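Understanding the architecture of this molecule
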Amino acid sequence: MIIEPIDAGQQRAVHLATERCLRRAGELCGRDFASIPVTFDLTGRSAGMYRVRHGRRSIRYNPYLFAKYFEDNLAVTVPHEVAHYVTDMLYGLHRVRPHGMEWQAVMRSLGVEPRAALLTTKFFAGDAEHAVIWVARDLGIRGALGAEIRF
Ligand SMILES: [Zn+2]
């Protein structure tokens, strides 16, 4: 089955969710975080990526994986990537571990249990660190790990 990428309307929804998440983090931290460019050019097994390149920060989303698991990605991938950005702004990317306690604290403050880190640590170390719940589902490990990957 061919999966179509999310359409313009869904992209707008993801944009808005990202902005909302960022504003919420700003309120919780008592500071404003600048808007961050969002693109939908990610492919492969990662649903999202926070990137700093040549001093420019952006969040990239995978329009195909978002199409496949739209609600899960809105609920998890968006805060996940926003939390990377916020952690970068608060501490500096190289001063903390990617899914360390600082990132986890931001996730919790956004009302999301940082289970991605748990799954990442257990199953998807390295390059695939951002491919979390969707990959778990594709691999059929939902049953075995039901309690951990249900949101
Ligand atoms: Zn991450």
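Residues numbered from 1 in each chain as written. Predicted model: local features only at pLDDT ≥ 70, side-chain atom pairs only at ≥ 80, totals over all residues.

This brings us to the sheet that holds strand S3 (residues 56-61). Strands sit in the order S1-S3-S2 across an open sheet of three strands; the sheet is mixed. Where the open sheet ends on each side, the last strands, each with one partner, are strand S1 (38-39) and strand S2 (48-53). When S1 meets S3, the two strands line up parallel, connected through two bridges. Counterpart to Thr39 in the pairing with S3 is Arg60. Contacting S2 and S3, helix H3 (residues 70-91) runs over the sheet at an angle of about 25° to S2. (Pairing = 2+ DSSP bridges. Helix = DSSP H or I, 4+ residues; strand = E, 2+ residues; numbered from the N terminus. Contact = placed C-beta atoms within 7 Å. Axes fitted to C-alpha atoms, helices over the stretch in contact; angles between N-to-C directions.)

Quick look at the pairing of S2 now. When S2 meets S3, the two strands line up antiparallel, connected through six bridges. In the sheet register, Tyr50 faces S3, and the bridge partner there is Ile59. Two successive antiparallel strands, S2 and S3, enclose a turn made up of two residues, where His54 displays a positive phi of approximately 50°.

A few words now on the packing of helix H1 (residues 8-29) against H3. Between H1 and H3, the least distance of the axes is 9 Å, while the angle of their chain directions is 45°. Taken together, the axis directions place H1 and H3 in an arrangement best described as oblique. In this structure, H1 crosses over H3, and the sense of that crossing is right-handed. Contacts between H1 and H3 pair Gln10, Val14, Ala17, Thr18, Cys21, Leu22, Ala25 and Cys29 from the former with Phe70, Leu74, Val78, Pro79, Val82, Val86 and Leu90 from the latter. Class assignment of the residues belonging to the contact of H1 with H3 gives a composition of 13 nonpolar, two polar and no charged. (Parallel < 35°, antiparallel > 145°, perpendicular 65-115°, else oblique. Left-handed = near helix turned anticlockwise from the far one by under 90°. Nonpolar A, V, L, I, M, F, W, Y, C, P; charged D, E, K, R; others polar.)

Shape is all these values report; function is a separate question.
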